Amino acid sequence: MDVRPTMWGITFTSFSVDMNKVQEKYAEAVEALMEEARSMLMAKGSTTADRLILIDTLERLGVAYHFDQEIEDQLQHIFKFHSEKLEDDYDLFVTALQFRLLRQHRYFVSSSVFDKFKSEDNEFKETLKNDAKGLLSLYEAAHLRIHGETILEEALAFTTHHLKRMLQQLEATLQDQVKRALQHPLHRGVSRIETRHFISFYEREDSKNELLLKLAKLDFNYLQNLYKKELHELTRWWNEFDLKSKLPYARDRLVEAYFWGVAIHFKPQDSYARVAIAKTIQMTATINDTYDSYATLEDAHLFTEIFERWDVNEIYRLPDYMKIVYKFLLSIYDDYEIEASWQGKSYAVCYAKETAYDKVLKWAMGQVQIPTFEEYYANMMITSCIYVILSSTIPGVKFASKETIDWLMDEPKIVAVAAKIGRYLNDLGSYERESKGGNLPIAIRCYMKQYGVLKEEAQDKFVELVEDAWKELNTEWIAETSILARDIVAEQLLNYARVSELTYENRQDGYSNPEKYMAHQLVALFVDPILI
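Worth saying up front: this structure is predicted, and the values here are computed from it rather than measured.

(A) Broad picture of the packing of helix H1 (residues 19-42) against helix H10 (residues 210-241). Orientation of H1 relative to H10, taken along the N-to-C sense of each, is 145°, at an axis distance of 9 Å. Note on packing geometry: the crossing formed by H1 with H10 is left-handed.

(B) Representation of unusual backbone geometry. Not every positive phi belongs to a glycine, and Asp242 is a case in point at roughly 55°. What makes Asp242 partly exposed here is its relative accessible area of 28%. The backbone of Arg507 sits at a positive phi, close to 65°, despite the residue not being glycine.

(C) Quick look at helix H14 (residues 297-309). Its 13 residues place the ends of H14 19 Å apart at the C-alpha level, agreeing with the 18 Å of an ideal helix rising 1.5 Å per residue. Every buried residue of H14 is accounted for by Asp299, Ala300, Leu302, Phe303, Thr304, Ile306 and Phe307. Directly after H14, the chain includes Trp310, whose backbone phi takes a positive value near 55°.

(D) Inspection of the side chain of Asp299 at higher detail. Within the element layout of this structure, Asp299 appears in helix H14. Although Asp299 is buried, it forms no salt bridge, and the closest oppositely charged side chain is Arg317 at an N-O distance of 11 Å. Among residues more than four places away in sequence, those in contact with Asp299 are Pro319, Tyr321 and Met322.

(E) The layout of surface pockets, seen in detail. Size it by volume and the largest pocket reaches roughly 1600 Å³. Lining the largest pocket are 43 residues, and of these Tyr65, Asp68, His105, Lys267 and Glu491 lie nearest its centre. Of all the elements in the fold, those that place two or more residues in the lining of the largest pocket are helix H2 (48-60), helix H3 (68-81), helix H5 (92-104), helix H9 (191-202) and helix H24 (484-503). When residues in the lining of the largest pocket are grouped by element, the largest group, eight residues, is from H24. Of the residues belonging to the lining of the largest pocket, the class tally is 14 nonpolar, 13 polar and 16 charged.

What counts and what doesn't
- Residues numbered from 1 in each chain as written.
- Predicted model: local features only at pLDDT ≥ 70, side-chain atom pairs only at ≥ 80, totals over all residues.
- Heavy atoms only, no water.
- Axes fitted to C-alpha atoms, helices over the stretch in contact; angles between N-to-C directions.
- Helix = DSSP H or I, 4+ residues; strand = E, 2+ residues; numbered from the N terminus.
- Left-handed = near helix turned anticlockwise from the far one by under 90°.
- Buried < 20%, exposed > 50% of the residue type's maximum accessible area, 1.4 Å probe, protein only.
- Expected span 1.5 Å × (residues − 1).
- Lys, Arg positive; Asp, Glu negative; His and termini not counted.
- Salt bridge = Lys/Arg side-chain N within 4 Å of Asp/Glu carboxyl O.
- Contact = heavy atoms within 4.5 Å.
- 1 Å grid on protein atoms, 1.4 Å probe; cavity = no way out; pocket = protein on both sides within 12 Å on 5 of 7 lines; lining within 4 Å.
- Points joined across faces, edges and corners; volume = space filled by probe spheres on them.
- Nonpolar A, V, L, I, M, F, W, Y, C, P; charged D, E, K, R; others polar.

Set out below in structure tokens:
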């Protein structure tokens, strides 16, 4: 199987010693502008529509995390006190915006709020067909739908058709926003990527607020420099192992793995979680490539047996290339054990090791035998490797506890549906690459063989399964708990589904072939600062 080298070369091997001074200046400027933005958010006399638009703008500009509590208080008030009489006065744009924001913040709002936009023949009113902003707002809201919401299924078809129809007649800025939404709906987007797009849209709007725009640009650059520093440190760590020369069959995708860390945890204080996810995904990919592209069945069984014991003294039994993999894995979990102990979370170590064995090695070994599609589906929790990613972050997640781990081990539904989305999208995106060779069976081929269908029909079925899983995930997302740690995990899972959508967009493998499918977005996120 052909393995392309990393596209990043020496991009992150150096880091400016003056960066700390630059960051201090950014932080000071951000802090000053934050106070002004907070005053805008808390201003009295604003209409509900104005408050919704401001909250949406802050979220899309990527700075809402500075005002989490203020925004939550505002939305809670709106949810508690909005009345049907007032809602009757809202146009399509505001009605859909309120619906989307409340559902995104885990408040259940009935989709019946859209009934008033239907005519007596139960079709959406003719007057809506040329309301581009209203249609775009409804389109975005429809992606928060759950099973049984027929009106939102109809809304998605209606808005998609008419937005495509009028696309070329729209003014340039709105046209670009519509193009982006049709390509990648906001609810399924990676926060930092969507922020970068929206900043470029917003600065071209006549109605833009210059203060908020400047805050967004400064904050984006501040975070980008933080990410550059973490990538520099990760690159140095990765180069010390030198796996790219020792294991040439394995994909060198450290930056892409780190992107998953940023997608799941973008905030400044989440550095540990980002780095841990990057290391874990690179580790998982190395194991997958070893089993799929290089190892004999005998070597694979031996490696699995020895890894289960977690004993470096057994390493002499392995062939040389597997000794390299084994040392790499043990090193990652040695570091994990040190960090978990330092954070007072030593209880997480056994869980992390168990998931590494059960969810990675058992998966790889189990894949040697071609499963039926039902067997594949039943083992979704293992084949997605979602637990390995979740366990890697526990030392760095403030409110994660032993109770959080026990809850995760019970396999709650929200974990299962996020795993489905990631697994199905990975299967769609990696099909072409995996079809060129390898030892592991391919899920889409399993489906084709079992049901006697062609590739295109099997792929369409997987797309359908993704859509169904998103409805399930939306249902579980709205089912808010009163336990903070579980809410944090739920956000991780939603972001896991989102980064899966972007990485495997249009049935392509952006992880294995980033230069072809994701380069421009990753460069904008990690390399090119925004001009201020």
